[in-house]
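# Close look at the chain arrangement
Take a look at the letters that make up each chain.
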Number of protein chains: 2
Amino acid sequence: MKTKVIGASKVFLCNENFDILENGAIAFNEKILEAGDFQTLASKYQNATFYEQRVLLPSFINPHIHFEFSNNTTAFIYGGFDKWLTSIMQNRDTILQDNTQAIKEAIKEQLESGVGSVGAISSYGDDMIELAKSPLKVLFFNEIIGSNPSAVDFLYSNFLERLEASKKLATKKFIPSIALHSPYSVHYILAKKVIELAKRENLKTSVHFLESHQEREWLEKSSGWFKSFYEQTLKLKDAKSLYTIQDFLALFEGMDTLFVHCLFANKEELQSICKSGSVISCPRSNRLLNNKIFNLDSIPSEKISIATDGKSSNNNLNFLDELRYTLFAYNTKDPLELSKTLLLSSTNFAAKALKLNNGILQKNKDADFTLFEIPNITASSQEALQFILHAKKKEKIFINGEEF
Amino acid sequence: MKTKVIGASKVFLCNENFDILENGAIAFNEKILEAGDFQTLASKYQNATFYEQRVLLPSFINPHIHFEFSNNTTAFIYGGFDKWLTSIMQNRDTILQDNTQAIKEAIKEQLESGVGSVGAISSYGDDMIELAKSPLKVLFFNEIIGSNPSAVDFLYSNFLERLEASKKLATKKFIPSIALHSPYSVHYILAKKVIELAKRENLKTSVHFLESHQEREWLEKSSGWFKSFYEQTLKLKDAKSLYTIQDFLALFEGMDTLFVHCLFANKEELQSICKSGSVISCPRSNRLLNNKIFNLDSIPSEKISIATDGKSSNNNLNFLDELRYTLFAYNTKDPLELSKTLLLSSTNFAAKALKLNNGILQKNKDADFTLFEIPNITASSQEALQFILHAKKKEKIFINGEEF
């Protein structure tokens, strides 16, 4: 691939100091060769173009999306996890029907909002083909779910089929991975099997964890709303939680698992997660389903990534919107410092959590970056904040050095 | 004007119970004649049209906007009122230059986001002509500002000139009114004069009040950041606050004044305001300038309206965006109940605060209403919430029965 140079008024390197190059640039082919001053790089390499009143930064990583639910607008009930899950059980089938077009639009929405990499939670495999042929860099999390012991064998073989199908599509941009649905919904026989498999084959793992207070009550006491959910909806009598919280966490010891939500995890549990794993927070989804957002001060920022979740629990999948709403949701934090942290969470920190070779404009990293027009950005000394406030859609996006 | 009937899948009356008519309609000319079932009204009147998967509701009232600052994107500093006001003093002139086109776009943004009535704070009169000829229903608040005693006469006569000019443009849709900038910036000689004038001529009044902790410290102790602002920026030596908080509030006793922001007002002060006045809250502006949002539980909901403020302290003036960000900013409140309250604050409650004859779909009210497409709204039992989540731009807007 021919080397190119792209420059912009402001280049957000997304290194840990959040350094910004004024009139900066990167030289790149599939990888980034160099980041630096535009004039210097333009003299050194061919094919240099500069963009005024633009911000150049690493493409975002949206590490938790359910693409298969992209048909949804109004079918699910918000305001309580119990009501939401009940509405999911009732209306899921309608929403999942004919979802290919909606999945395509959701992929486009990722690219338009500057997302280059995603963590896609695939419950049924409906999104596999579209994601594999999309420009996105995809961690494709084949999901296992099921708590009924009599269905364990069937569910595992169905899971294996999907995993095998995804392996056949594997490329450097499409990475087969494993999601366990949650501690309240995956039988321990299944959990143990897939975790062993993940360890053996070195596959990335993701799990919904302590999203609701109802889940916490169930795991701690086998009581509360999940008791009736098990008995009435899943028709399982005398159901009890299959794990304590500690037992469940112990399954993931030493693994770099992505723990999604963690709204009701306590300090010790979060510390345990952060030893080798990390947390993914979905602010809009959490607000709509549980009237709560993750305490950003409870763990180091480097351990937190931001995601949109699926349209099953969000009004759209626009990553820029997610960042903007997050800025206003955490409304007591200094807006400039929060903006820098959110941009790092969406690039550098997420890349580390997902073990992707991107998220920072630095030599030898994948050339995954995005260009946005931000009118009058040169007039600002609060670039990260003004970027989040004003970024509308990508002007250019490159993944592995290729423009899409 | 010929009577028409417009019907929609869901009609939000915006009465205090937040009643919703399924397949409802209104019959109207300049005024609303009747709200009810579409079929019934269609049989009774001519010219009936029904819109599927649409929501019909009163047009929004955006009671506090500085249209004159519509040129701004990145010129001002956020994260602290002190830093922001310093940047306003430094960069104001640039932003105010050639602002006519930006004012026109801001007016369009109001209509597109379903706003039919505004409270426009006019510091210089730059927005007077454009607002007077716009479709909007306008409370045009001519603003008085100035704390230097030697400038009082000049400032008052300049204010009177603008007020007189606005009176010449007065119509039933363009209502000359008075804004006092704030207790830290208006000399008491000016304040007393304009308040007397407002009482004598029965003009509506608006005032910024306790927006920052710096303002509170200044009013209470004549110390803190405003001390240096007075001495260094305004070149006034030995400056002291011209009011105590109580003295300032006493000026407005018995008046239906709009108190804007009130972030740092205590319970007693808020109670005093609510006796005959009301509070306007600008959530995004407050978050960006003061890292704080108004406590919605501190006064009755009926006393709170929601506004965008100007582009001097917001990323846009889209009223639907303001409602959406507010929904996510108050993230511990039940989202459906909060949505109903926010919609009432933006219609019924704001109309009462501004003494406008609209904000509710009810016989004899002005026919000020808007139609929005909300895909699959008929599938939802949480209509107010889904409306806020999914409303993008108005399909139709009527003001005094005329479509714009």
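Residues numbered from 1 in each chain as written. Chains lettered and ligands numbered in written order. Predicted model: local features only at pLDDT ≥ 70, side-chain atom pairs only at ≥ 80, totals over all residues. Heavy atoms only, no water.

So, on to the pattern of salt bridges. Considering all chains together, one arrives at 46 salt bridges over all chains under this definition. Note that Asp297 of chain A and Lys333 of chain A form a salt bridge whose closest N and O atoms lie 2.9 Å from each other. Placement of Asp297 of chain A in the loop between helix H11 (283-290) and strand E12 (304-306) and of Lys333 of chain A in the loop between helix H12 (319-329) and helix H13 (335-345) is noted, with a sequence separation of 36 residues between them. Of the residues examined, Lys333 of chain A reaches a relative accessible area of 23% and is grouped as partly exposed. Between Lys137 of chain B and Asp368 of chain B there is a salt bridge whose closest N-O contact spans 2.7 Å. Of the two residues, Lys137 of chain B sits in strand E7 (residues 137-144) while Asp368 of chain B sits in the loop between helix H14 (348-354) and strand E13 (369-373), which places them 231 residues apart along the sequence. With a relative accessible area of 3%, Asp368 of chain B lands in the buried category. Overlapping salt bridges, with partners in common, bring together Lys31, Lys137, Asp366 and Asp368 of chain A in one network. (Salt bridge = Lys/Arg side-chain N within 4 Å of Asp/Glu carboxyl O. Helix = DSSP H or I, 4+ residues; strand = E, 2+ residues; numbered from the N terminus. Buried < 20%, exposed > 50% of the residue type's maximum accessible area, 1.4 Å probe, protein only.)

All names here are of chain B. Those residues of helix H10 (residues 267-276) not exposed but buried are Glu269, Leu270, Ile273 and Cys274. Along H10, the residues classed as buried sweep out an arc of 130 degrees about the axis, all on the same side. Facing away from the buried side of H10 by over 90 degrees, the exposed positions are Lys267, Glu268 and Lys275. Looking at the buried positions of H10, the neighbouring elements they touch are strand E9 (205-209), helix H7 (213-221), helix H9 (245-251), strand E10 (258-261) and strand E11 (278-281). Capping of H10 at its N-terminal end is provided by Asn266; its side-chain oxygen lies 3.1 Å from the backbone amide nitrogen of Glu268. (Arc of directions from axis to C-beta. Contact = heavy atoms within 4.5 Å. Polar contact = N/O pair within 3.5 Å; in protein donor to acceptor, adjacent residues only side chain to side chain.)

Looking now at the relation of the copies chain A and chain B. Note on the identical chains: chain A maps onto chain B by a rotation of 180 degrees and an axial translation of 0.0 Å, with an RMSD of 0.0 Å. Both copies of the chain, as the preceding transformation shows, are related through a two-fold rotation axis. Within chain A, the C-alpha atom positioned nearest to the axis of rotation is that of Ala329 of chain A, 2.1 Å from it. Most of the interface of chain A is mirrored in chain B, where 100% of its interface residues again form contacts. (Least-squares fit on C-alpha atoms with pLDDT ≥ 70 in both.)

Its boundaries defined by the atoms lining it, the largest pocket holds a volume of some 1,300 Å³. Surrounding the largest pocket, 41 residues form its lining, Asn318, Asp321, Arg324 and Lys392 of chain A together with Asp321 of chain B being those nearest its centre. Those elements giving two or more residues to the lining of the largest pocket turn out to be helix H3 (100-112), H12 and helix H15 (383-390) of chain A together with helix H3 (100-112) and helix H12 (319-329) of chain B. Looking at which element gives the most residues to the lining of the largest pocket, the answer is H3 of chain A, with 5 residues. The class makeup of the residues in the lining of the largest pocket is 10 nonpolar, 12 polar and 19 charged. (1 Å grid on protein atoms, 1.4 Å probe; cavity = no way out; pocket = protein on both sides within 12 Å on 5 of 7 lines; lining within 4 Å. Points joined across faces, edges and corners; volume = space filled by probe spheres on them. Nonpolar A, V, L, I, M, F, W, Y, C, P; charged D, E, K, R; others polar.)

What follows covers the domain arrangement of chain A. Residues and elements named next belong to chain A. Partitioning chain A into domains gives domain 1 (4-59 + 358-403) and domain 2 (60-354). On a C-alpha basis, the centres of domain 1 and domain 2 stand 30 Å from each other. Contact with domain 1, which involves 29 residues of that partner, is made by 32 residues of domain 2. Roughly 2,400 Å² of surface becomes buried between domain 1 and domain 2 when both sides are summed, with 65% attributable to carbon and sulfur atoms. By the criterion of area lost to domain 2, the three top residues of domain 1 are Glu16, Ile388 and Ile399, representing 25% of everything that side buries. One can count 5 salt bridges joining domain 1 with domain 2. At the junction of domain 1 with domain 2, the criterion picks out 10 residue pairs in polar contact (both at pLDDT 80 or more). (Domains from an automatic or database assignment. Buried area = accessible area lost by both parts, 1.4 Å probe.)

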